[in-house]
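One-letter residues, chain by chain:
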Amino acid sequence: MRILLEIFSRNDEILQIKRALQSLGHEVITIYEDSYRETCPYYQKKLDQMGVHTFRKRYEREWIQRLHRMVEEFLPDAALFINLPTEMMQPSDLAHIRARTKTVCYFVDGISSNPELYDYYALLDHIYVFEEQDVKYLTERHHIAAQYMPVGYNEAYAPICAAPMMDVIFIGSPFPHRLRLLERVSATAARAGWKLHIYGPFYDGRYPWKAFLFRRRYPHIARYLMNGSVPPEEAARLYASSKICLNIHDVRHGSPNPRTFEILAVGAFELIDARVSYGGLLSPGEDLAVYEDAEDLVEKIRYYLVHDDERCQIAVKGQCTTRPLSMKNILRAIMRGGTLKDIGT
């Protein structure tokens with residue numbers, strides 16, 4: 001199948017969707033959906049903020065022209081959108097594409113808080129959402145059919161056998177409630193002597209004053225922080241080398257995020273904040289451990305650090321449950337118009 005893939009470059013780096021599609025034998029051409037402000041020089045960003053939109057309008061015009069040209073020249077069997085670039089693409093543009101090929105969207109972010117998407121839904125042949133509550137939202141609010149499809153793990157998260165070198169690890173971005181929880185965990189780690197490691201782009205390291213301000217506001221996190229992004233292969237190694245892998249969700253989401261399945265896929269033990277739903281896939285207390293609040297989080301860390309057998313048993317069960325949810329299997333089902341049941345879960 002010839003597939004035109006529209007995706008944010010950061011999402012493709014993390015999820016490796018193009019690579020998975022190619023491994024399935026598809027011919028793939030990619031156009032990145034990155035917005036103007038994510039790609040333009042600093043001075044143009046400032047001009048745009050001041051009301052000078054000449055450069056942004058030209059970028060968006062050239063992007064949509066390139067998209068239409070790719071559809072006309074590549075003649076894809078399907079256009080696969082990972083989220084929708086509503087900043088640059090109007091519903092009329094999507095209608096133009098749908099007149100020439102099948103349109104599929106896999107929303108890897110929640111959609112219920114984005115009313116601007118409403119005019120696009122009817123122009124998609126298939127809709128997949130990673131947030132299970134969004135199926136109900138689309139059905140009841142918009143009478144639009146959609147399928148729940150978790151964002152699984154890519155091939156970088158293959159099973160790894162490694163001796164634990166760390167007690168607790170967290171990898172991710174610094175959302176406000178994550179920072180509050182991690183500061184609490186870090187303060188406890190300092191007192192208890194835990195080997196805690198925190199990885200992520202918590203501040204822009206190009207500016208020394210930002211590091212100073214961060215250390216001043218979050219002194220305990222700063223003690224354990226390795227500031228910067230972590231590539232998937234390195235993240236997999238770090239998870240496999242840790243006794244407890246923390247997963248703290250964005251408060252806007254109720255279903256498991258991609259990191260949930262990445263951690264489990266390598267065979268690591270995961271401690272996760274309680275979810276509204278688990279997609280009928282995971283069982284709390286069996287496939288992973290769950291905490292309810294900051295106090296419970298600290299107590300669960302204390303408990304599982306000294307209960308090795310129970311921790312290992314949960315990790316093994318979680319890895320087994322997660323095994324079918326590779327990005328390759330998920331995309332195979334999506335491109336066939338299938339459902340979660342079609343990947344053997």
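The rules we used
Residues numbered from 1 in each chain as written. Predicted model: local features only at pLDDT ≥ 70, side-chain atom pairs only at ≥ 80, totals over all residues. Heavy atoms only, no water. Pairing = 2+ DSSP bridges. Helix = DSSP H or I, 4+ residues; strand = E, 2+ residues; numbered from the N terminus. Patch = residues over 30% accessible without salt bridge, like charges linked within 9 Å, V, L, I, M, F, W, Y side chains within 5 Å. Areas by Shrake-Rupley, 256 points an atom, 1.4 Å probe, with all protein chains shown as cover. Salt bridge = Lys/Arg side-chain N within 4 Å of Asp/Glu carboxyl O. Phe/Tyr/Trp six-rings, centres within 6.5 Å; stacked < 30°, edge-to-face > 60°. Buried < 20%, exposed > 50% of the residue type's maximum accessible area, 1.4 Å probe, protein only. Lys NZ or Arg CZ within 6 Å of the ring centre and 35° of its normal. Contact = heavy atoms within 4.5 Å. Right-handed = clockwise from strand over helix to strand, strands pointing away. Axes fitted to C-alpha atoms, helices over the stretch in contact; angles between N-to-C directions. Polar contact = N/O pair within 3.5 Å; in protein donor to acceptor, adjacent residues only side chain to side chain. Core = buried A, V, L, I, M, F, W, Y, C linked by side-chain atoms within 4.5 Å.

**Student:** How do you make sense of the sheet that holds strand E3 (residues 78-82) when you look at a structure like this?
**Tutor:** Sheet strands pair by backbone hydrogen bonding; their relative direction is either parallel or antiparallel. In space, the six strands of this open sheet follow the order E2-E1-E3-E4-E5-E6, with parallel pairing throughout. Every interior strand has two partners, whereas the edge strands, strand E2 (27-32) and strand E6 (147-148), have only one. The pairing of strand E5 (residues 126-129) with E6 spans two bridges and is classified as parallel. Pairing of Val129 across the sheet is with Tyr148, part of E6.

**Student:** Please clarify how a nonpolar patch on the surface should be interpreted in this entry.
**Tutor:** A surface patch of nonpolar side chains, about 350 Å² in accessible area, is lined by Trp209, Phe212 and Leu213. Summarising the element assignment, Trp209 is placed in helix H10 (residues 208-217).

**Student:** Which parts of the structure should I look at to understand the packing of aromatic side chains?
**Tutor:** The geometry of an aromatic ring pair comes down to the distance between the two centres and the angle between the two planes. Scanning the model with the defined rule gives seven aromatic pairs in all. On the numbers, 5.0 Å between centres and 40° between planes, the contact of Tyr207 with Trp209 is tilted. Of the residues examined, Tyr207 reaches a relative accessible area of 28% and is grouped as partly exposed. Three or more aromatic residues joined by ring pairs form one cluster here, namely Phe202, Tyr203, Phe214 and Tyr218. Directly above the ring of Phe74 sits Arg2, whose terminal nitrogen or CZ lies 4.2 Å from the centroid.

**Student:** How should helix H16 (residues 327-335) be read in this particular structure?
**Tutor:** An α-helix turns once per 3.6 residues; consequently, residues spaced three or four apart project the same way. Of the positions making up H16, those classed as buried are Met327, Ile330, Leu331, Ala333, Ile334 and Met335. Buried residues along H16 sit in contact with strand E1 (2-7), helix H1 (9-15), helix H2 (17-23), E3, strand E4 (102-107) and E5. Count one or two residues on from H16 and you reach Gly337, which has phi positive near 75°.

**Student:** How do you make sense of the pattern of salt bridges when you look at a structure like this?
**Tutor:** When the charged atoms of two side chains with opposite charge come close together, those side chains can pair. Taken as a whole, this structure holds 16 salt bridges when the rule is applied. With a shortest N-O distance of 2.5 Å, Arg252 and Asp250 are connected by a salt bridge. The exposure class of Arg252 is exposed, given its relative accessible area of 61%. The partner of Lys300 in a salt bridge is Asp296, and the shortest N-O contact between them spans 3.2 Å. With Lys300 and Asp296 both in helix H14 (residues 294-305), this residue pair falls four residues apart, about one helical turn.

**Student:** Just checking my understanding: could you explain the pairing of E3 for this structure?
**Tutor:** By the criterion of burial, E3 is predominantly enclosed, with five of the five residues buried. Every second residue of E3 is oriented toward a common face, with Ala78, Leu80 and Ile82 on one face and Ala79 and Phe81 on the other, all of them buried. Across four bridges, the pairing between E1 and E3 is parallel. From the neighbouring strand, Leu5 faces E3, where its bridge partner is Leu80. Tracing the backbone out of E3, into helix H6 (residues 91-98) and back to the parallel element E4 gives a crossover that is right-handed.

**Student:** Even after reading the chapter, I still don't get unusual backbone geometry, so can you show me in this structure?
**Tutor:** The backbone of Gln16 sits at a positive phi, close to 55°, despite the residue not being glycine. Tracing the backbone through its elements, the reader meets Gln16 in the loop between H1 and H2. Residue Gln16 is classed as buried on the basis of its relative accessible area, which comes to 9%. In this structure, His143 is a non-glycine residue whose phi angle is positive, near 55°.

**Student:** So what exactly am I meant to see when it comes to the side chain of Thr188 here?
**Tutor:** Counting through the fold element by element, Thr188 comes out in helix H9 (residues 176-192). Since its relative accessible area comes to 2%, Thr188 is described here as buried. With residues near it in sequence (within four places) discarded, Thr188 still touches Trp194, Val298 and Arg302.

**Student:** It is not clear to me how the sheet that holds strand E7 (residues 166-171) should be interpreted in this structure. Could you clarify?
**Tutor:** Strand order across the open sheet formed by six strands is E9-E8-E7-E10-E11-E12, with parallel pairing between neighbours. Each end of this open sheet is capped by a strand with a single partner; those strands are strand E9 (225-227) and strand E12 (289-291). Across the sheet, the mean angle from the axis of one strand to that of its neighbour is 25°, orientation sign disregarded. Running at roughly 150° to E7, helix H12 (residues 232-240) makes contact with E7, strand E8 (196-200) and strand E10 (242-247) of the sheet.

**Student:** Just checking my understanding: could you explain the environment of Glu27 for this structure?
**Tutor:** Tracing the sequence through the fold places Glu27 in strand E2. A residue is classified by how much of its surface remains accessible, and Glu27, at 42% relative accessible area, is partly exposed. In sequence terms Glu27 and Lys317 are 290 residues apart; their C-alpha atoms lie 36 Å from each other. Side chain to side chain, Glu27 and Arg2 meet in a polar contact 3.2 Å long.

**Student:** Mind showing me how you'd approach the nonpolar core here?
**Tutor:** One recurring pattern in soluble globular proteins is that nonpolar side chains are buried together. Counting residues in each nonpolar core, the largest one holds 36 residues, and the members touching the most others are Ile17, Leu21, Leu80, Tyr106, Met149 and Ile334. Those elements giving two or more residues to this core turn out to be E1, H2, E3, E4, helix H13 (258-265) and H16. No other element matches the six residues that H16 contributes to this core. Ignoring sequence-local partners within four residues, the contact set of Ile17 consists of Leu5, Ile7, Asp12, Ile82, Met327 and Leu331.

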